[in-house]
Amino acid sequence: MKDDGMIFLIGFMGAGKTYLGKQLAAKLELPFYDIDLEIEKKANLDVNDIFTKKGEQYFRKIETEVLLNWDKPGIIATGGGIVEKEENRKFLKQELHKIIWLHTPWEIIRSRIVNSYRPIAVERTESELFTLWDQRLHLYKECADIVYTGNSLEELYDLI
Ligand code: S3P
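Since this is a predicted model, take the numbers as computed values, not measurements.

*Asks:* Summarise the site of the ligand; cite the residues concerned and give the values.
*Replies:* Near the ligand lie 14 residues; those nearest to it are Lys17, Asp36, Arg60, Gly80 and Arg136. Within the contact set of the ligand, an oxygen atom lies 2.6 Å away from a side-chain nitrogen or oxygen of Arg60. Measuring from an oxygen atom of the ligand, one finds a side-chain N or O atom of Arg136 at 2.7 Å. When the ligand sits alone it has 390 Å² of accessible area, and the protein chains cover 93% of it. Every element with two or more residues in the shell around the ligand is listed here: helix H3 (47–54), helix H4 (56–68) and helix H7 (119–122). Of the residues that constitute the shell around the ligand, the class distribution is six nonpolar, three polar and five charged.

*Asks:* So what about the environment of Glu126? Which residues, and what values?
*Replies:* Inspection of the secondary structure assignment puts Glu126 in helix H8 (residues 126–143). In this structure the C-alpha to C-alpha distance between Glu126 and Phe91, which are 35 residues apart in sequence, comes to 31 Å.

*Asks:* Which residues make up helix H1 (residues 17–28), and what values go with them?
*Replies:* With 12 residues, H1 extends 16 Å from end C-alpha to end C-alpha; this agrees with the ideal 16 Å at 1.5 Å per step. Three or more residues of H1 are buried, namely Lys17, Leu20, Gly21, Leu24 and Ala25. On an axial view of H1, the arc spanned by its buried residues comes to 135°, and they lie on one face. In H1, those exposed residues whose orientation departs by more than 90 degrees from the buried face are Tyr19 and Ala26. Elements in contact with the buried residues of H1: strand S1 (6–10), strand S2 (32–34), strand S3 (74–77), strand S4 (97–102), strand S5 (146–148) and helix H9 (153–159).

*Asks:* Any details on the sheet that holds S1? Residues and values, ideally.
*Replies:* Spatially, five strands are ordered S2-S3-S1-S4-S5 in an open sheet, and the strand pairing comes out parallel. Two strands in the sheet have a free side with no partner beyond their single neighbour: S2 and S5. Here the strands of the sheet are splayed against their neighbours by 25° on average, with no regard to which way each runs. Pairing geometry for S1 and S3, over four bridges, is parallel. In the sheet register, Phe8 faces S3, and the bridge partner there is Ile76. Along the sheet, H8 makes contact with S1 and S4, crossing S4 at roughly 145°.

The rules we used
Residues numbered from 1 in each chain as written. Predicted model: local features only at pLDDT ≥ 70, side-chain atom pairs only at ≥ 80, totals over all residues. Heavy atoms only, no water. Near = heavy atom within 4 Å. Polar contact = N/O pair within 3.5 Å; in protein donor to acceptor, adjacent residues only side chain to side chain. Areas by Shrake-Rupley, 256 points an atom, 1.4 Å probe, with all protein chains shown as cover. Helix = DSSP H or I, 4+ residues; strand = E, 2+ residues; numbered from the N terminus. Nonpolar A, V, L, I, M, F, W, Y, C, P; charged D, E, K, R; others polar. Expected span 1.5 Å × (residues − 1). Buried < 20%, exposed > 50% of the residue type's maximum accessible area, 1.4 Å probe, protein only. Arc of directions from axis to C-beta. Contact = heavy atoms within 4.5 Å. Pairing = 2+ DSSP bridges. Axes fitted to C-alpha atoms, helices over the stretch in contact; angles between N-to-C directions.

Such coordinate-based values are descriptive only and should not be taken to indicate function.
Set out below in structure tokens:
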């Protein structure tokens, strides 16, 4: 990969973007970033507080601002809802960006997010979460250059 490249990890909550992103970054000797953390810095609140005190729309506004101004090369984990806005997808799909979709099976996602603190998860039932996951699949697919289904990390390194 070119030194100034950006590899964005996309996928639903609990797909393993942060976990895998850190491993990839270490292996490729690249910096790792997490868009959610950058949003927290910008809003001066953690993600949960942004949702409860300011609302989802405010979160989405900052999320788009952070993404559309992103200029740091490295491995970048995104939030699961980033693909919902067309302008975000358009930014992600630029030629110079490499987009890896962590397409983790629903059963694994479910076990990780049900009963988790995540604001999107706490306010939804399990079947609502499944519907959201299902509805977002085609958006992740639309953006993805590489689809990783969790077979082998080595395979992923080779693809990159
Ligand atoms: C969200 C996912 C979260 C975070 C926010 C909204 C979503 O990120 O951005 O709570 O809409 O799916 P993770 O995918 O890292 O949990």
